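Observations on the three-dimensional arrangement
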Amino acid sequence: MEQTLILIKPDGVKRKLSGKILSRFEDKGMKVVAMKMLILSKKEAEKHYAVHKDKPFFNGLVSYIISGPIVAAILEGTNCISITRTLCGSTDGSKAQPGTIRGDFSMGIEKNIIHASDSVESFQYEWPIYFSREEIIEYSSGD
Ligand code: CMP
């Protein structure tokens, strides 16, 4: 079964949207198999966003993601990487479709509420920054 990583970013946590956001994935039928709240270190943030290290927005992105608590979760379900990205909406909240998480809750591209892995390769790179293998719980959700 496919898995993906989501991060509810500091703007989402501060605006008390974590429960609402997680509900969207659970309501869709995805299973939460790991979850925690944490504040990323600069080193961890730079590792997560290493693919963007040459972009002009890299330093701002790192400063922002370490600016407060985030919620990290691993979701499981058929095709959950692409379904999760669809539920999140376009990266830029000001352009994201209403009905998507960013379309409903974000006005910008940096403070865009949520991150979700964009491929199996990204998921494999990202999840160990947040979880140990033991923290991913296998259980039956009765589906
Ligand atoms: P995320 O899905 O976490 O992946 C990379 C992040 O970089 C993205 O969400 C945005 O928050 C951020 N980002 C992408 N493009 C820009 C940009 N032009 N300016 C500022 N931040 C950006």
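Residues numbered from 1 in each chain as written. Predicted model: local features only at pLDDT ≥ 70, side-chain atom pairs only at ≥ 80, totals over all residues.

Where an unreviewed UniProt entry is consulted, the protein chain appears under the name Nucleoside diphosphate kinase, with the organism given as Oxyplasma meridianum. Recorded under Function (unreviewed entry), the UniProt text for the protein chain is reproduced unchanged: "Major role in the synthesis of nucleoside triphosphates other than ATP. The ATP gamma phosphate is transferred to the NDP beta phosphate via a ping-pong mechanism, using a phosphorylated active-site intermediate." Annotation of the protein chain in UniProt includes, under Sequence similarities (unreviewed entry), the sentence "Belongs to the NDK family." (UniProt positions renumbered as here; feature names shortened; annotations may be inferred.)

Across the sheet, which stays open at both edges, the four strands sit in the order S2-S3-S1-S4 with antiparallel pairing between neighbours. Looking at the sheet topology across the chains shown, the edges are occupied by strand S2 (31–38) and strand S4 (114–116). The average angle at which neighbouring strand axes cross in this sheet is 15 degrees, direction not considered. Note that strand S1 (residues 3–8) and strand S3 (residues 70–76) share six bridges and pair antiparallel. Pairing of Thr-4 across the sheet is with Leu-75, part of S3. Relative to the sheet, helix H2 (residues 18–28) contacts S1, S2, S3 and S4, its axis offset from that of S3 by approximately 10 degrees. On the sheet, helix H7 (residues 120–130) packs against S1 and S3 and is oriented at approximately 55 degrees with respect to S1. (Pairing = 2+ DSSP bridges. Helix = DSSP H or I, 4+ residues; strand = E, 2+ residues; numbered from the N terminus. Axes fitted to C-alpha atoms, helices over the stretch in contact; angles between N-to-C directions. Contact = placed C-beta atoms within 7 Å.)

Tracing the backbone shows Lys-14 in helix H1 (residues 10–14). Considering only alpha carbons, one finds Lys-14 and Ile-70, 56 residues apart in sequence, at a separation of 9.0 Å.

Glancing now at unusual backbone geometry. With phi around 55 degrees, Asn-79 is a residue other than glycine that occupies positive phi space. Relative to the helices and strands, Asn-79 resides in the loop between S3 and helix H5 (80–88). On the basis of neighbour counts, which here come to 11 C-beta atoms within 10 Å, the residue Asn-79 falls in the exposed class. Phi is positive for Ile-113, which is not a glycine, with a value near 75 degrees. The residue Ile-113 is located in the loop between helix H6 (101–105) and S4 in this model. (Buried ≥ 20, exposed ≤ 12 C-beta atoms within 10 Å, placed from the backbone.)

With numbering aligned to this structure, UniProt lists the feature "active site" (unreviewed entry) at His-115. Structurally, His-115 is set in strand S4. Classification of His-115 as buried rests on a count of 21 C-beta atoms within 10 Å. The contact partners of His-115, leaving out residues within four places of it in the chain, are Ile-6, Leu-7 and Lys-9.

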